[in-house]
Amino acid sequence: MKIIVDKEKCTGCGECKKVCPKGEKIWNVDGTAEASNLRYCLLCMLCATDCPEGAIKVLRDGEDE
């Protein structure tokens, strides 16, 4: 699984971190957002859904991965 943030679209508003149930463990927002520690991710996709700039994509692993 990957969380991809489009750095050109991201404004660093921090909404991804606010809405994420594990935001403090996953999201770093310093100018732009960056996801790390994805082992804590619940795959709820709230970060991507609530991003006002549409800058976040969550890519899930395929069935064979």
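Quick note: structure is the one above.
Since we're looking at a predicted model, the values are computed, not measured.

A. Broad picture of the overall build of the protein chain. When you go through the protein chain residue by residue, the secondary structure sums to 3 helices and 4 strands. Written out in order from the N terminus, the α and β elements of the protein chain read β-α-α-β-β-α-β. A globule of 65 residues ought to have a C-alpha radius of gyration of about 11 Å, and the protein chain, at 11 Å, matches this closely. For the protein chain, the C-alpha atoms occupy an extent of roughly 35 × 20 × 15 Å along the three principal directions. The buried share among the 65 residues of the protein chain stands at 28%. The contacts in the protein chain between residues at least 6 apart in sequence include a share of 49% that link residues at least 24 apart. For the protein chain, the computed accessible surface area is about 4,500 Å², with 45% contributed by carbon and sulfur atoms. Where the 10 positive side-chain charges of the protein chain centre and where its 12 negative ones centre are 5 Å apart.

B. Summary view of unusual backbone geometry. Positive phi, close to 60 degrees, is recorded for Leu43, a residue that is not glycine. Assignment of secondary structure puts Leu43 in the loop between β3 (32-35) and α3 (46-50). Its relative accessible area of 31% is what places Leu43 among the partly exposed residues. Its identity as a non-glycine residue notwithstanding, Met45 has a phi of 70 degrees, on the positive side.

C. Just the pairing of strand β4 (residues 56-59), in detail. Covered by surrounding structure in β4 are Ile56 and Val58 only, the residues Lys57 and Leu59 on the alternate face being uncovered. Both strand β1 (residues 2-5) and β4 contribute to a ladder of 4 bridges, which runs antiparallel. Residue pairing across strands places Ile3 opposite Val58, the latter belonging to β4.

Calculation criteria
Residues numbered from 1 in each chain as written. Predicted model: local features only at pLDDT ≥ 70, side-chain atom pairs only at ≥ 80, totals over all residues. Heavy atoms only, no water. Helix = DSSP H or I, 4+ residues; strand = E, 2+ residues; numbered from the N terminus. Rg over C-alpha atoms; globule rule 2.2 N^0.38 Å. Buried < 20%, exposed > 50% of the residue type's maximum accessible area, 1.4 Å probe, protein only. Contact = heavy atoms within 4.5 Å. Areas by Shrake-Rupley, 256 points an atom, 1.4 Å probe, with all protein chains shown as cover. Lys, Arg positive; Asp, Glu negative; His and termini not counted. Charge placed at Lys NZ, Arg CZ, Asp CG, Glu CD. Pairing = 2+ DSSP bridges.

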